[in-house]
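Fold and contact review
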Amino acid sequence: MEKANNFGKVYLIGAGPGDPGLLTLRAHAILEKADVVVYDRLVSPAILGMCNTKAKMVDVGKMPTHHKVKQSEINKLLVKFAIEMPGATIARLKGGDPFVFGRGGEEALELVAAGVEFEIVPGVTSAIAVPAYAGIPVSHRGIATSFHIITGHEKEVDSRQSEVGSDSAIPAKAEISMPSSGEPVGLDFETLAHCPGTLVFLMGIGNMDFIARRLIECGKDPKTPLAFIEKGTTPFQRTVMATLETAGETIVREHVTAPAITIMGGVVELGKTLAWKKNLPLSGKRLVVTRAAKQSSEISARLTALGAEVIETPMIETRSLEKPLVMCHPERSETESKDPDQHCFADFGSLANFDILAFTSTNGVESFFKQLFAAGYDVRVLAGKKIASVGKITEKKLLEYGIRCDYVPEDHTGEGLGMLLRSILDERTLVNSLQTRDECGLTSSLSLSKGTESMNLDESRILLLQGNLADDTLLKLLPKATRWTVYETLPVAELPDWKREAVESADAVVFASSSAVENFSKILSSKFCQLSSQKAFCIGRMTESAACKYGFETVTSDETTMDSLVKKIVEYYTKES
Ligand code: SAH
């Protein structure tokens, strides 16, 4: 179909049931480039954390006033974003699969009516994946030859609730009580009771006592095995077994809460043998790991492997400078004006002094072009120059600006890039480490002479475009090159709403340094953030005393090592249970 307008495009995406590993590759690729993400309550923080950090994040599962956004408003919102943001990628992120009780169809119809282009990205539905994570196959030879996915929450049960985004699994209070006006319309209990296949109910916990009794009344065996699976595929997964006749009392006794599915039939028995998901020492714990240093990813990975849900909270963010800054360079001082910190503002006119521009991050690329355009220039000033990138991600970012890279090192590091540029200067010695792009964009190893023959090979004609915290690796390898600082790295001022909520509900915060405590506490105090628990796991005494200063209740590792800290966390929760 030919595109008749320049509206943004909407992707109705299924996020799967919780485990971020169940997100599809297609969904991941769209989230990484999304300009807007409109998401539901059931989408896990780990998946929200995969979205483009610059995307506008819109929570329609819950508004700041704690009201859910009505479905009709969500539909309008999607159309509005598409119309107001030409060319934008708008991700509508829903739990499970968008077309399985996800109201994706309604949203798609609204988009069609408004002439907005859209795409459906199916997701792994909780109806099948959640039982699978509990070791229950929905069909099994000789036991169940069909399975049926049923909503336990029909429109007429609670008409108020029907208007809200139905992916919300948190039942309104009214939903817990028995439906007063008889059977939920649409559920044919006679047929369901005589159906030999597996029955899977979504959204049905609040009505399950009623549903179970009606099924028994209509002839279903009261001893039919049944399982409630709560928060399936997440670190909080729990399976509670019952039978049809004990369903209602079991929900109350075991405090089964949404989101949960109910599965009924002979296959449930298999769960006793096939339950494969181990209860790990940190299962059911949500831990915040403050992210400033490199080692935080390591500790996050270890805590995740031990069963915890980890919320990584960065402590720094990058910001473009208004103009690039350059260390004063005696020979070119006439083109640069001094600032009070002994740095000079770069003049884009001086780009004529350079033959090779080297980018070491996507931030560098974005900031450079922002500044270039703001100064009234366009990409034509780069005509004839060679462009070097530290790696493939930066290379891809450059392509977004219509710039194809000439040089990308095989080793995607600052050192790799420095060595490659050094090799160009040192004339054609390290031929094999060079990659250039041929006209079809395919990678090929060409001889250096081809890529550089017309160029004046002068080290001082290399311009490095970096952030203020970039180390000196490149400058050490290329001492005569010029470095412009195009962006700076600053402490994070506040957390996005979805992350703040995840942090607020965490069981504890893990600190690996006293500066992490300081930064984290500053961020929290800046946006009315209230931790539900003030527990802090600290690495060593210095971190502990910083955490105490900010009122945390501390548990400290015996040694100042990651091993010791992880051991302490496990010990703490093992003792607690
Ligand atoms: N489109 C979704 C279903 C939305 S309806 C899908 O395909 O999975 C919301 C209901 O899905 C919840 O009330 C609950 O019954 C079920 N559900 C979703 N995620 C779940 C999870 N992680 N564990 C258990 N049930 C879940």
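Anything mentioned here points back to the structure above.
Scoring rules and cut-offs
- Residues numbered from 1 in each chain as written.
- Predicted model: local features only at pLDDT ≥ 70, side-chain atom pairs only at ≥ 80, totals over all residues.
- Heavy atoms only, no water.
- Pairing = 2+ DSSP bridges.
- Helix = DSSP H or I, 4+ residues; strand = E, 2+ residues; numbered from the N terminus.
- Axes fitted to C-alpha atoms, helices over the stretch in contact; angles between N-to-C directions.
- Contact = heavy atoms within 4.5 Å.
- Salt bridge = Lys/Arg side-chain N within 4 Å of Asp/Glu carboxyl O.
- Near = heavy atom within 4 Å.
- Polar contact = N/O pair within 3.5 Å; in protein donor to acceptor, adjacent residues only side chain to side chain.
- Areas by Shrake-Rupley, 256 points an atom, 1.4 Å probe, with all protein chains shown as cover.
- Domains from an automatic or database assignment.
- Parallel < 35°, antiparallel > 145°, perpendicular 65-115°, else oblique.
- Left-handed = near helix turned anticlockwise from the far one by under 90°.
- Nonpolar A, V, L, I, M, F, W, Y, C, P; charged D, E, K, R; others polar.
- Phe/Tyr/Trp six-rings, centres within 6.5 Å; stacked < 30°, edge-to-face > 60°.
- Buried < 20%, exposed > 50% of the residue type's maximum accessible area, 1.4 Å probe, protein only.
- Lys NZ or Arg CZ within 6 Å of the ring centre and 35° of its normal.
- Core = buried A, V, L, I, M, F, W, Y, C linked by side-chain atoms within 4.5 Å.

As summarised here, the arrangement of the 5 strands in space is S3-S2-S4-S1-S5, forming an open sheet in which the pairing is parallel. Only two strands of the sheet have a single neighbouring strand rather than two, namely strand S3 (56-59) and strand S5 (118-121). Each neighbouring strand pair of the sheet contributes to a mean axis angle of 15°, computed without reference to strand direction. Where strand S2 (residues 36-39) lies against strand S4 (residues 89-94), 4 bridges are found, and the strand directions are parallel. What sits directly across from Val38, in S4, is Arg92. Strand contacts of helix H3 (residues 71-84): strand S1 (9-14), S2, S3 and S4, with the helix running at about 160° to S4, the strand carrying the most contacts. Sitting on the sheet, helix H4 (residues 104-113) touches S1, S4 and S5, and the angle it makes with S1 is about 170°.

Turning to the pattern of salt bridges, a few remarks are in order. Opposite charge on two side chains permits pairing when their charged atoms draw close. Overall, the coordinates contain 35 salt bridges when judged by the stated rule. When the shortest N-O distance is used, the salt bridge between Lys80 and Glu84 registers 3.6 Å. Of this pair, Lys80 and Glu84 both sit in helix H3, 4 residues apart, which is roughly one turn of the helix. Between Lys535 and Glu553 there is a salt bridge; the shortest N-O distance is 2.8 Å.

Next up on the list: the sheet that holds strand S11 (residues 286-291). An order of S12-S11-S22-S23-S24 is seen for the 5 strands of this open sheet, with the pairing classed as parallel. Every interior strand has two partners, whereas the edge strands, strand S12 (309-314) and strand S24 (553-556), have only one. Looking at each pair of strands side by side, their axes are set apart by 25° on average, direction ignored. As defined by bridge partners, strand S22 (residues 508-511) adjoins strand S23 (residues 535-538) across 3 bridges and the pair is classed as parallel. Looking at the pairing, Phe511 lines up with Cys538 of S23. Here helix H18 (residues 497-504) sits on the sheet in contact with S11 and S12, set at roughly 130° to S12. Most of the contacts of helix H20 (residues 540-549) go to S24, to which it runs at about 175°, and overall it touches S22, S23 and S24.

Near the ligand, the surroundings consist of 20 residues, among which Val100, Thr125, Ser126, Gly232 and Ala260 are the closest. Interatomic distance of 2.6 Å between a side-chain N/O atom of Ser126 and an oxygen atom of the ligand. Within the backbone of Ala260, one N or O atom sits 2.7 Å away from an oxygen atom of the ligand. For the ligand, whose accessible area on its own is 540 Å², the fraction buried by protein is 98%. Listing elements by their share of the shell around the ligand, those giving two or more residues are helix H5 (126-133) and strand S10 (260-264). Looking at the shell around the ligand, you find at least three residues from each of domain 1 (9-124) and domain 2 (129-274).

It is worth spelling out the packing of helix H13 (residues 362-374) against helix H14 (residues 392-400) at this point. In contact at an axis separation of 8 Å, H13 and H14 are set at 25° when each is read in the N-to-C sense. Judged on the interaxial angle alone, H14 and H13 are roughly parallel. Between H13 and H14 the crossing geometry is right-handed. Contacts between H13 and H14 involve Thr362, Val365, Glu366 and Phe369 on the former and, on the latter, Ile393, Thr394, Lys397 and Leu398. Looking at side-chain class alone, the contact of H13 with H14 contains 4 nonpolar, 2 polar and 2 charged residues.

Attention now moves to the packing of aromatic side chains. Under the defined criterion, the tally for this structure stands at 17 aromatic pairs. Residues Phe369 and Phe373 carry aromatic rings whose centres are separated by 5.8 Å and whose planes lie at 40° to one another, so their mutual orientation is tilted. Residue Phe369 and its partner Phe373 are both found in helix H13; the two are separated by 4 residues, about one turn of the helix. Looking at Phe369, the relative accessible area reads 0%, which means it is buried. Look at Phe369 and Tyr401: their rings are 4.3 Å apart centre to centre, the planes differ by 10°, and that puts the pair in the stacked class. With a gap of 32 residues between them, Phe369 in helix H13 and Tyr401 in the loop between H14 and helix H15 (414-425) connect regions that are remote in the sequence. For Tyr401, a relative accessible area of 25% corresponds to the partly exposed category. In this structure an aromatic cluster arises from ring pairing among Phe348, Phe354, Phe359, Phe368, Phe369, Phe373, Tyr377, Tyr401 and Trp484. The ring centre of Phe81 lies 5.9 Å from the NZ or CZ of Lys80, which sits over that ring. Above the face of the Phe345 ring, Lys323 is positioned so that its terminal group lies 5.1 Å from the ring centre.

The omega torsion of the bond from Ala258 to Pro259 falls at -5°, within 30 degrees of zero and hence cis. Looking at the element boundaries, Pro259 is found in the loop between helix H10 (247-253) and S10. For Phe101, which is not glycine, the phi torsion reads 45° and is therefore positive. On the secondary structure map, Phe101 appears in the loop between S4 and H4. For Phe101, a relative accessible area of 31% gives the class partly exposed. Phi at Arg103 is positive, roughly 60°, even though this residue is not glycine. For Arg103, the location among the structural elements is in the loop between S4 and H4. Relative accessible area serves as the criterion here: at 16%, Arg103 is assigned to the buried category.

Before going further, it helps to examine the nonpolar core. Leu199, Phe201, Met208, Ile211, Leu215, Phe228 and Met264 are the most contacted members of the largest nonpolar core, which totals 25 residues. Elements with a minimum of two residues in this core: helix H8 (189-194), strand S7 (198-202), helix H9 (208-217), strand S8 (225-230), strand S9 (238-243), H10 and S10. When residues of this core are assigned to their parent elements, the largest contribution, 5 residues, is made by H9. Residue contacts for Leu199: discarding those within four places in its chain leaves His148, Ile150, Leu192, Leu215, Lys220, Thr262, Ile263 and Met264.

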